[in-house]
Structures are given as C-alpha cells and as structure tokens.
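# Understanding the architecture of this molecule
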Amino acid sequence: MRDDEPREAACIVKFADALQRAGISKLVLHAWERRYDVQLSERTATGRRFMTETQVERLRLLKLCTDAGYRIANIISLPDLELLRIAEQHALRLDLCSTLDAAQRLDSAALSADLERRVSELGPLDFVRRVVSPLMDEIGKRWQDGTMSIAAEHLVSAEVRRILSDCLHRFPVAPDATRAVATTPEGELHELGALVITLLSRSHGIDTLYLGPNLPNDQIVNAALRSGARVVFLSCLVSSRRNASGPIVALRGALPPHIALFVGGPGASDMAPLDGVSIFPNIESINAALRDIGTAALPARGLSNETR
Ligand code: B12
C-alpha cells in the first residue's frame with residue numbers, strides 16, 4: 001500500500017477496479033457526481049480517487065437500474081435496498097423473456113413447457129414468488145400499454161391457473177388437519193391470489209378447499225359450514241376497492257364466530273380495520289398466522305387486525 005492510501009485497505013477498492021466492477025466509465029461517474037451533487041467515490045489526502053466496497057455496490061446497483069430503463073435522476077437518491085429491489089425485479093423479468101415471448105406468439109405448447117420447467121426447477125412456492133408474481137405484473141403492464149393482447153393474457157392466466165391447481169396435490173394434508181376454504185368475493189374475477197393462498201396454507205398443513213373465484217357471500221358461508229372450515233381466505237384485487245368493505249362486513253356478520261375471516265390481496269391493503277377480520281397486506285405477512293392454524297393454535301373467535 002502506498003503512503004497516501006487510506007488505512008482500511010480491506011474495504012477499499014482501487015478506482016479503476018471499482019469502475020470495472022460497477023461497469024461504468026469514469027466520464028459517466030463524473031457526470032453523475034457533478035450533475036446531482038452526490039459523492040459516489042472518495043479521495044485520499046493527495047487527491048487519488050478510490051471507492052469503498054459499499055460505494056462500488058451502490059454504483060453497480062445504479063448501473064443495473066439505469067440498464068433496466070430507470071432515469072438516473074429518479075433513482076440517484078434512493079436507498080441501496082430500494083435499488084436492490086428494482087435490480088432484482090428487472091433480473092426476474094429478464095429471466096422471463098422466453099415465457100413472455102411464448103405468450104406474445106400465443107404459442108401454448110411452448111408456454112406450457114416453459115412454465116412446467118420452471119415449476120419443477122423451483123418448486124411451487126418459489127415458482128409463485130420468482131415467476132408468477134413478476135410475470136403477471138409484467139403482463140399487467142403490457143396489457144395496459146397495449147403491447148400485449150387480451151388473448152395472450154388469458155392464455156397465460158389459464159396456464160398459470162392449471163399449473164397452480166396441479167401443484168395442490170404436492171401438499172397432502174393429514175385427515176384431522178384444520179380445514180379452510182379459499183375464494184374471491186362476488187364480482188372479483190382475479191383468482192390466482194386465492195389459488196396462491198390455497199397452496200401456501202396447504203404447505204402449512206391446513207386442508208384448504210379452493211372454491212374458485214366470484215362467489216356470493218351465502219355460498220361462501222354455506223361451503224365453509226359444510227366443509228367444517230375454521231378459516232375463510234378471501235382474495236381481493238379490484239372489487240373490494242369499488243364496493244368498499246361492505247360485502248366483507250356482511251360476510252363477517254353471516255359467518256359464525258368460530259370461523260375466522262382472513263382477507264388479503266392488493267384490494268385489501270388500503271381497507272380500514274374491520275372487527276373480526278384479519279387483513280394481510282401481502283403474502284409474507286400471513287406466514288405466522290398460517291403456522292399457528294397449521295398447529296391448531298387458532299383462537300376461538302379468529303384473529304382481528306393485529307396482523308396489519
Ligand atoms: C390476469 C389479470 C386479469 C384476468 C384474471 C384472470 C384470472 N383467471 O385470474 C382478467 C382478464 C379476468 C382480469 C379482469 C380485470 N382486470 Co385484471 N389483471 C390481471 C393481472 C394482469 C394479473 C393479476 C394476477 O393474477 N396476479 C398474480 C397474483 C398471484 O397476484 P395477486 O392476485 O396480487 O396475489 C398476490 C398477493 O396480492 C397476495 N394475495 C392475494 N390474495 C391474497 C389473499 C390473502 C388472504 C393473502 C394473505 C394474500 C393474498 O398473494 C399473491 C402472491 O403474492 C393484473 C396486473 C397485476 N399487476 O396484478 C390485472 C389487474 C389486477 N386488473 C385490473 C383491472 C382494471 C381489471 C378489469 C377491471 C379490466 C376490465 N376493464 O375489465 C377486470 C376486472 C374483472 C373483475 N371484475 O374482477 C387492474 C386493477 C386496477 C385496480 N387496482 O383496481 C390490474 C392491476 C391491471 C392494471 N395495471 O390496471 N384481469
């Protein structure tokens with residue numbers, strides 16, 4: 001080490017190596033530092049440039065995000081964790097090119113083979129996280145900006161639905177397992193979220209019956225009673241926003257107190273707390289509750305909004 005280099009040699013990176021690892025040129029780095037008045041590198045007392053490991057990683061993430069199409073002006077002040085999330089989402093989308101191409105061509109055989117390969121490589125739960133969620137998000141974007149036909153979206157939705165349904169038998173449940181039903185409220189046609197929660201709850205040993213989407217309240221209550229369910233899982237995307245929480249309050253009122261009502265999905269995330277209804281903002285937040293139900297530790301009246 002030369003005299004003018006800082007002491008913590010282990011976490012410092014020579015300027016040229018840092019630029020190479022981040023994949024950007026000196027010119028671009030200087031332009032970003034000047035234009036946005038940020039410090040992305042350090043200088044020794046004698047003016048020699050270097051970077052810390054943390055700075056190299058930040059620069060690498062900034063480069064990945066700009067490659068993903070984000071404008072540097074919009075991301076330069078984001079925290080590292082947010083940059084990492086964007087970069088990961090982009091990597092997942094890139095990885096889905098073959099799936100999206102097959103969908104765009106309406107090539108059902110290729111689409112099916114592609115998704116089957118992914119589910120067998122990843123297993124059902126990782127398949128949902130790493131394939132279904134980013135894939136359906138991207139399809140939603142393309143559908144909205146008119147670059148993907150409704151037919152292509154329908155083809156993918158049908159194929160994902162088939163594969164997730166096939167996966168249900170991979171989680172056999174004990175005959176005395178806690179029972180549940182999963183569905184979407186009347187008017188809600190988005191069903192993949194309800195299938196995902198069926199799959200996840202079965203992975204926790206809960207015997208969840210998938211009832212399909214768009215079910216009127218009286219049918220939900222009837223199915224829950226006839227199947228001996230202790231929990232009703234409800235997935236809400238658009239309908240709950242439109243109709244506010246009225247139908248969910250009505251469902252809570254119609255269900256006997258010993259049956260818990262768990263509501264989740266994007267349409268539930270901005271719902272006001274409701275007495276006797278557990279609202280989950282995302283799939284991760286329900287894991288602890290599912291573990292409790294799987295081990296039969298469900299409170300008599302079900303949970304309420306403490307999970308928010
Ligand atoms: C596929 C799709 C459809 C298909 C659904 C087919 C099917 N068989 O399910 C069809 C064609 C029917 C459809 C119709 C419509 N759609 Co649509 N659709 C989508 C799309 C592209 C994907 C949805 C999806 O399946 N995602 C994958 C699943 C796995 O994700 P998810 O449901 O969010 O579930 C995850 C979490 O939310 C959570 N979760 C879900 N449920 C639950 C429940 C519990 C208890 C828990 C804990 C967690 C949980 O876990 C899952 C895994 O992480 C989305 C785009 C998007 N970005 O979501 C638009 C989208 C949802 N649709 C939209 C719209 C506007 C519509 C229509 C109104 C369009 C129209 N003009 O007709 C209709 C409404 C129909 C209706 N009445 O319900 C909008 C909703 C906007 C809004 N916020 O209100 C979106 C966001 C598209 C957009 N960018 O505008 N759609």
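Please read all numbers here as calculations on a predicted model, not as lab measurements.

Quick look at the confidence of the model for the protein chain now. Do not read the predicted coordinates in detail wherever pLDDT is low. Of the residues in the protein chain, 91% have a pLDDT of 70 or more, and the chain-wide mean is 89. Averaged pLDDT values for the elements of the protein chain fall to 51 in helix 12 (residues 239–242) and rise to 98 in helix 11 (residues 217–226). Within the model, pLDDT remains below 50 along residues 299–308, and this stretch shows 29 contacts once partners closer than five positions in the same chain are excluded.

A word on the sheet that holds strand 8 (residues 277–280). Two pairing modes exist for strands in a sheet, parallel and antiparallel, and in both the strands are linked by backbone hydrogen bonds. In space, the 5 strands of this open sheet follow the order 5-4-6-7-8, with parallel pairing throughout. Here the strands that pair on one side only, and so sit at the sheet edges, are strand 5 (207–210) and strand 8. Within this sheet the neighbouring strands show an average axis-to-axis angle of 20°, counted without direction. Lying on the sheet, helix 10 (residues 192–203) is in contact with strand 4 (179–183), strand 5 and strand 6 (231–235); it crosses strand 5 at an angle near 160°. Set on the sheet, helix 13 (residues 246–254) makes contact with strand 6, strand 7 (260–264) and strand 8; between it and strand 7 the angle comes to about 160°.

Relative orientation and spacing of two packed helices are given, respectively, by the angle between their axes and the distance between those axes. With their axes 10 Å apart at the nearest point, helix 11 and helix 13 run at an angle of 35° to one another. The hand of the helix 11/helix 13 crossing is right-handed. Across from Asn217, Ile220 and Val221 in helix 11, the residues of helix 13 making contact are Pro247, Ala250, Leu251 and Ala254. Its residues assigned to classes, the contact of helix 11 with helix 13 shows 6 nonpolar, 1 polar and no charged.

Quick look at the site of the ligand now. The environment of the ligand is formed by 33 residues, the closest being Gly187, Leu189, His190, Glu191 and Ser235. Ser235 is positioned with one of its side-chain polar atoms (N or O) 2.7 Å from a nitrogen atom of the ligand. At the level of secondary structure, the elements contributing two or more residues to the shell around the ligand comprise helix 8 (124–144), helix 9 (150–167), helix 10, strand 6, helix 12 and strand 7. Top element by residues in the shell around the ligand is helix 8. It accounts for 6 residues. Of the residues that constitute the shell around the ligand, the class distribution is 15 nonpolar, 12 polar and 6 charged. Composition of the shell around the ligand by domain shows at least three residues from each of domain 2 (96–167) and domain 3 (172–307).

Reading guide: rules and limits
Residues numbered from 1 in each chain as written. Predicted model: local features only at pLDDT ≥ 70, side-chain atom pairs only at ≥ 80, totals over all residues. Heavy atoms only, no water. pLDDT = per-residue confidence, 0-100. Helix = DSSP H or I, 4+ residues; strand = E, 2+ residues; numbered from the N terminus. Contact = heavy atoms within 4.5 Å. Pairing = 2+ DSSP bridges. Axes fitted to C-alpha atoms, helices over the stretch in contact; angles between N-to-C directions. Left-handed = near helix turned anticlockwise from the far one by under 90°. Nonpolar A, V, L, I, M, F, W, Y, C, P; charged D, E, K, R; others polar. Near = heavy atom within 4 Å. Polar contact = N/O pair within 3.5 Å; in protein donor to acceptor, adjacent residues only side chain to side chain. Domains from an automatic or database assignment.

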